[in-house]
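# Descriptive structure summary
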Amino acid sequence: MQQSQLLRDKVLSALKEFASSIDSGSKVVADVSALIHVTDSLPLSSFDYWERVIRSEFASALRESTPPKWKVWSKPTGLVTWLDLISWDGYKREKALRALSGAAPNAFFFSLAVRRLNDWVPQVRKAAREKLPEIARSTDPECVVEALCVALSRWNSWGRIEKAEREVLLQIICEKEIARCLRSKLIFSASGPMPSLFSQLGRTPILDEAIEEIANSAIQPSVRAKAYRCLFERRIAWIEGRRWEWTDIRYGERKLVPVVSERQLEVETPLLELLKRSSEDGSSIVRRISAEILIRELDSLGAMARVLAEQFALDESPPVSERGDFALKKLEEAERASPS
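First things first, this report covers the structure right here in the doc. Note on numbering: residues in each chain are counted from 1, in written sequence order. Whole-chain, interface and lining totals are the exception, using all residues; otherwise, since this is a predicted model, local features are given only for residues with pLDDT of at least 70 and side-chain atom pairs are given and counted only at 80 or more. As a rule here, side-chain values come from all non-hydrogen atoms in the structure, and water together with hydrogens is ignored.

### Some points on the nonpolar core
What counts here: The definition of a nonpolar core used throughout is a set of buried Ala, Val, Leu, Ile, Met, Phe, Trp, Tyr and Cys residues joined through side-chain atoms within 4.5 Å. Only protein chains enter the calculation, and the probe is 1.4 Å; a residue is then buried if its accessible area is under 20% of its type maximum, exposed if over 50%, and partly exposed in between. Where helices and strands are cited, they refer to DSSP runs of H or I of at least four residues and of E of at least two residues respectively, numbered from the N terminus. Should any heavy atoms of two residues lie within 4.5 Å, those residues are considered in contact.
Counting residues in each nonpolar core, the largest one holds 105 residues, and the members touching the most others are L83, I214 and L294. Considering each element in turn, this core owes the most residues, eight residues, to helix α8 (residues 141-154). With residues near it in sequence (within four places) discarded, L294 still touches L275, L301, A305, L308, A309, F312 and A327.

### Side note on the environment of M194
When you line up the elements, M194 lands in helix α11 (residues 194-201). M194 sits in the buried class, given a relative accessible area of 3%. As a C-alpha pair, M194 and V150 span 44 residues in sequence and 10.0 Å in three-dimensional space. Setting aside anything within four residues of it in sequence, one finds M194 in contact with K185, L186, S189, Q220 and V223.

### Description of the pairing of strand β2 (residues 253-264)
Inclusion rule: By this definition, two strands are paired if DSSP reports at least two bridges between them.
The pairing of strand β1 (residues 235-248) with β2 spans 12 bridges and is classified as antiparallel. Bridging from a neighbouring strand, R242 pairs with P258 of β2. Between β1 and β2, which pair antiparallel one after the other, the connecting turn spans four residues, and G252 there sits at a positive phi close to 65°.

### Remarks on the side chain of R203
What counts is decided by this rule: Any pair of N or O atoms that falls within 3.5 Å is considered a polar contact. Within protein, one atom must be able to donate a hydrogen and the other to accept it, and sequence-neighbouring residues count only if both atoms are side-chain atoms.
By secondary structure assignment, the location of R203 is in the loop between α11 and α12 (211-217). Classification of R203 as buried rests on a relative accessible area of 14%. At 2.7 Å, the side chain of R203 and the side chain of Q200 are in polar contact. When residues no more than four places from it in sequence are discounted, the contact partners of R203 are W155, N156, R166, L170, W238, I239, E240 and R263.

### Examining the packing of aromatic side chains
So the rule is basically this: Each aromatic pair joins two rings of Phe, Tyr and Trp (for Trp, the six-membered one) with centres within 6.5 Å, and gets the label stacked for planes under 30 degrees apart, edge-to-face for over 60, and tilted for any other angle. In this analysis the charged atom, NZ for Lys or CZ for Arg, is taken to sit over a ring once it is within 6 Å of the ring centre and within 35 degrees of the ring normal.
A full pass over the atoms with the stated rule returns six aromatic pairs. Judged by centre distance (5.4 Å) and plane angle (15°), the rings of F18 and F58 are stacked. With a gap of 40 residues between them, F18 in helix α1 (residues 2-21) and F58 in helix α3 (residues 47-63) connect regions that are remote in the sequence. This pair shows no difference in class: F18 is buried, exactly as F58 is. Here F47 and F108 contribute two aromatic rings whose centre-to-centre distance is 4.8 Å and whose plane-to-plane angle is 45°, an arrangement assigned as tilted. Of this pair, F47 sits in helix α3 while F108 sits in helix α6 (residues 107-114); the two residues are 61 residues apart in sequence, bridging distant segments of the chain. Owing to a relative accessible area of 3%, F47 belongs among the buried residues under this scheme. Owing to a relative accessible area of 2%, F108 belongs among the buried residues under this scheme. Through a chain of ring-to-ring contacts, the aromatic side chains of F47, W82, F108 and F109 assemble into a single cluster. Just above the ring of W88 sits the side chain of R55; from NZ or CZ to the centre is 5.2 Å.

Quick look at the structure:
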């Protein structure tokens, strides 16, 4: 709690410093260095909170400034800054998107621009669609990726984003350097919503040639498991959104259910090779998927089916060993049923 309050105090101090530096009569660019420094350490997982705090506190800081300075926030002809992206005024937000050029200072500021794709004003969303790719190309790919990881994990909850806005983000994802950073993020991140990110990135072809590397090398077991499942099933699936489904129309009861889309993958690695690799993975999450696929493919694996089934039956993880035992029983039933 104290650490959170300390961070908030630093943000408020930087906002006041930035507000006091804005004077269109004497400066071309306001001093945003302190604000950039403090927002570097803000967790993007709490972005909604910090956006509200900064919007409110910056408006207050400008009102406390001398008249020539606070007018910059409200007058359309004033100095345009990155914080205008979260102005209460939709005209101001649109103008900021169209006027700003060059790189976003950090991931936080790039996130401010990304979230305009879900803005409540259609003209602001249109400006974001037109300008965001240009901003992304100028910004450090690592900052873009950090912001995209949070946006992609949450965009299904954005109520105003439409297909056109989603296409803009997918276009940015496919930029060569950004795609490379995203693949590295999936492999080397020890925490965070990487499994859901993996699924959302599956909308594009940027993972296709790297799925085997992800399956073999990703730090998070759940990411390796997702990659192996995609290789086994030769498809990649993601949640497109959610829709209401009636559970009992007589009583007006309904629930939200996920809408799943998928894309086929061209996989050249032989099934047996994938099974051998996944069966030796250090995580039971991956081995369990391997055992599931073994059961499904028992008839096509010949003598190796029993070798793998026995290996799984001896696994220290109960969910894996149970599947191994089941596979052995199926093999024994098949042997008894076959003519001698």
